[in-house]
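# Architecture and fold: a report
For reference, the chains in residue letters:
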Amino acid sequence: MRIEEISTGSTARSSEELREAALAQFYTAYPLAVHAQFYSHTGNADAPRKNGDQFNAGGTRTTGSDYAPKEREPQFGSVQLKIYGDKVQTDIAHERRGTDIGSQRLNDLEAFSESLGWYFADATINHDVSQSAQRFKGLKAQADTLGRNFVMNDGSGNGYALPADVTGANATKVARFFEKLDEYMGGIPGGPTVLGVNAAFAARLGSIGKSYLSVQNVQTPWGEEQKVTTYNGVPLVNMGYTSNGTGLVLPQTETVGTSNDCCSIYGIRFGEQRDVTFATNVGLDVQDLSLVGTKYLTLVEFDVDLAVLNPKAFFRMSGVRLNAN
């Protein structure tokens, strides 16, 4: 299920009106919202079933003989819910001065929820338990752990230049890049449901690979239309900014060898309690904490963990340079 489908109130203070306002803005701001899949469970932890070892199936037999049956042990993931969220407040003075405190509070909540959506995008990629035990392990760290970080390099261990000029010798560089991207996408059983990129890479792809791209209109659960660009039918999602709007979730400053101007592309196949999935209990919870001192206080948080139940369900393609030929 998507985040808006699984989010329900948890206590008497849970506000449906405030939750709908927060969800709508979080959904718009979190770049993967339309693609990410959540599943619900009770308690602090869960052990969802993972893809087991691949069967080595197939053989032949003669009449009167039998096959040696193949068997595998079930495998289970480990989910430990983390608490993500924050509080937003609005001064009572806005009400005393005759302004509409309801509108001001909603306005503050919506702007706050946009920032929270950016923060969760950063968490999905870049958070790690090594940074804090309170964080889950994002896809960047899991790619390293699971051997799913595929580094593009120039043959000397440095980053791989993806030129805007596709003539002459550059045509070979561009062709090789597309071959590798298609290879990694094809390595995901069923294919990725989304490609996470930064704006600079999306622009470069638009200039050198227009024949691979198309644009579709999709509708959010709140009736808003969004234009989505796809690469070979797979949506390209700009992962956007970190929570304060000053940094990029996928920066153009990663280092490969001596190259410090590289970026990464993430191919992800989301599933509900399969592939790449989010575990939660009641989804995004929004609680009206009423007037505390001189402030109207709203709590927005959810218990969540990111689980990779099939290592082949995602990849990170790193080392791509856009500023060099």
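Note that the structure is a prediction, hence the values are computed from the model and not measured. (Residues numbered from 1 in each chain as written. Predicted model: local features only at pLDDT ≥ 70, side-chain atom pairs only at ≥ 80, totals over all residues. Heavy atoms only, no water.)

## Some points on unusual backbone geometry
Unusually for a residue other than glycine, Q273 sits at a positive phi of about 60°. With respect to the helices and strands, Q273 occurs in the loop between β15 (270–271) and β16 (274–280). A relative accessible area of 39% means that Q273 is categorised as partly exposed. With a phi close to 65°, S290 is a non-glycine residue in the positive phi region. Mapped onto the secondary structure, S290 falls in strand β17 (residues 285–292). (Helix = DSSP H or I, 4+ residues; strand = E, 2+ residues; numbered from the N terminus. Buried < 20%, exposed > 50% of the residue type's maximum accessible area, 1.4 Å probe, protein only.)

## Focus on the nonpolar core
Counting 44 residues, the largest nonpolar core has F120 and F278 as the members making the most contacts within it. Counting only elements with at least two residues in this core, the list comes to α1 (3–6), α2 (16–29), β6 (82–91), α4 (101–126), α5 (139–145), β14 (259–268), β16 and β18 (295–308). If one sorts the elements of this core by residue count, α4 sits on top with seven residues. If we ignore the near neighbours within four places in the chain, the residues touching F120 are F26, Y30, F38, Y84, F136, F278, F302 and V304. Within the second largest apolar cluster, 24 residues are counted, among which are Y160, L181, M185 and L205. (Core = buried A, V, L, I, M, F, W, Y, C linked by side-chain atoms within 4.5 Å. Contact = heavy atoms within 4.5 Å.)

## Quick word on helix α7 (residues 199–208)
All of the buried residues in α7 are F201, R204, L205, G206 and I208. Against the buried residues of α7 lie α6 (170–186), β9 (194–197), β10 (213–219), β11 (225–231), β12 (234–238) and β14. The distance from a side-chain oxygen at the start of α7 to the backbone nitrogen of A200 is 3.2 Å, and the residue carrying that oxygen is N198. (Polar contact = N/O pair within 3.5 Å; in protein donor to acceptor, adjacent residues only side chain to side chain.)

## Side note on the packing of aromatic side chains
For the coordinates displayed, the defined rule picks out 21 aromatic pairs. Aromatic side chains F178 and Y231 sit 6.1 Å apart centroid to centroid with 10° between the ring planes, which places their arrangement in the stacked category. You can see F178 sitting in helix α6 and its partner Y231 sitting in strand β11, a full 53 residues away along the chain. When its relative accessible area of 5% is taken as the criterion, F178 is described as buried. (Phe/Tyr/Trp six-rings, centres within 6.5 Å; stacked < 30°, edge-to-face > 60°.)

## Topic: the pairing of β14
For β14, the buried fraction is high: nine of the 10 residues fall into the buried class. When β9 meets β14, the two strands line up antiparallel, connected through three bridges. In the strand pairing of β14, V194 is matched with I268. In terms of strand pairing, strand β13 (residues 254–256) meets β14 through two bridges, oriented antiparallel. Bridging across to β14, E254 finds its partner in C262. Between β13 and β14, which pair antiparallel in sequence order, lie two residues; one of them, G257, sits at a positive phi of approximately 60°. By the bridge criterion, six bridges tie β14 to strand β19 (residues 314–321) in an arrangement that is antiparallel. Bridged to G267 within β19 is F315. (Pairing = 2+ DSSP bridges.)

By themselves, these figures tell us nothing about what the structure is for.
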